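Read off the chains here:
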Amino acid sequence: MDVEQNYYRPIATWLAEHGYSVLTFDCSGIFESKNQPLKHYQCDIIDWAQQDYSAALNFVLEQTADSSAPPLPLYIG
């Protein structure tokens, strides 16, 4: 979680090239999502799970909701 999303770019690119849809993101207060020093964020791992991961999952589900194709498996790592 404390790794910049760009760290995952090579594997995300490889997965996309092999037919997977991939989403990478930075948790609140980490790297590209940071707009102030981390010490000013009032969040912890529970907040990240409840808010950031939830938002990412909802984004993915919204992107696929209008598809007429059958649902595909969703992997979260």
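What counts as what
Sequence order as written defines residue numbering, which begins from 1 separately in each chain. The predicted origin of the model limits local features to residues at a pLDDT of at least 70 and limits the giving and counting of side-chain atom pairs to 80 or more, whereas totals for whole chains, interfaces and linings rest on all residues. Computation of side-chain values: all heavy atoms of the structure, hydrogens and water removed. Residues qualify for a patch when their relative accessible area is over 30% and they have no salt bridge, like charges being joined within 9 Å and the nonpolar side chains of Val, Leu, Ile, Met, Phe, Trp and Tyr within 5 Å. What sets the accessible areas is the Shrake-Rupley method with a 1.4 Å probe; for residues, cover comes only from the shown protein chains. Any Lys or Arg side-chain nitrogen found within 4 Å of a carboxyl oxygen on Asp or Glu counts as a salt bridge. Helix and strand definitions here come from DSSP, where helices need a minimum of 4 consecutive H or I residues and strands a minimum of 2 consecutive E residues; each element is numbered from the N-terminal end. Stacked, edge-to-face and tilted are the three classes for Phe, Tyr and Trp ring pairs, Trp counted by its six-membered ring, which pair at centre distances within 6.5 Å; planes under 30 degrees apart are stacked, over 60 edge-to-face, the rest tilted. Summary of the burial criterion: residues with accessible area below 20% of their type's maximum are buried, those above 50% are exposed, and those between are partly exposed, where the area comes from a 1.4 Å probe applied to protein chains only.

Visitor: Hey, could you run me through a nonpolar patch on the surface in this one?
Guide: A surface patch of nonpolar side chains, about 520 Å² in accessible area, is lined by Val-3, Tyr-7, Tyr-8, Ile-11 and Trp-14. Residue placement: Ile-11 occurs in helix H1 (residues 9-17).

Visitor: Where do I start with the packing of aromatic side chains in this structure?
Guide: Pairs of aromatic rings are described using the distance from one ring centre to the other and the angle between the two planes. Counted by the stated rule, this structure contains 2 aromatic pairs. Ring geometry for Tyr-7 against Tyr-8: centres 5.1 Å apart, planes inclined by 90°, an arrangement best described as edge-to-face. Taking relative accessible area as the criterion, Tyr-8 reaches 36% and is therefore assigned partly exposed. On the basis of an interplanar angle of 75° and a centroid distance of 5.1 Å, the ring pair of Phe-25 and Tyr-53 is categorised as edge-to-face. With Phe-25 in the loop between H1 and helix H2 (45-65) and Tyr-53 in helix H2, the pair connects residues that are 28 residues apart, well separated along the chain.

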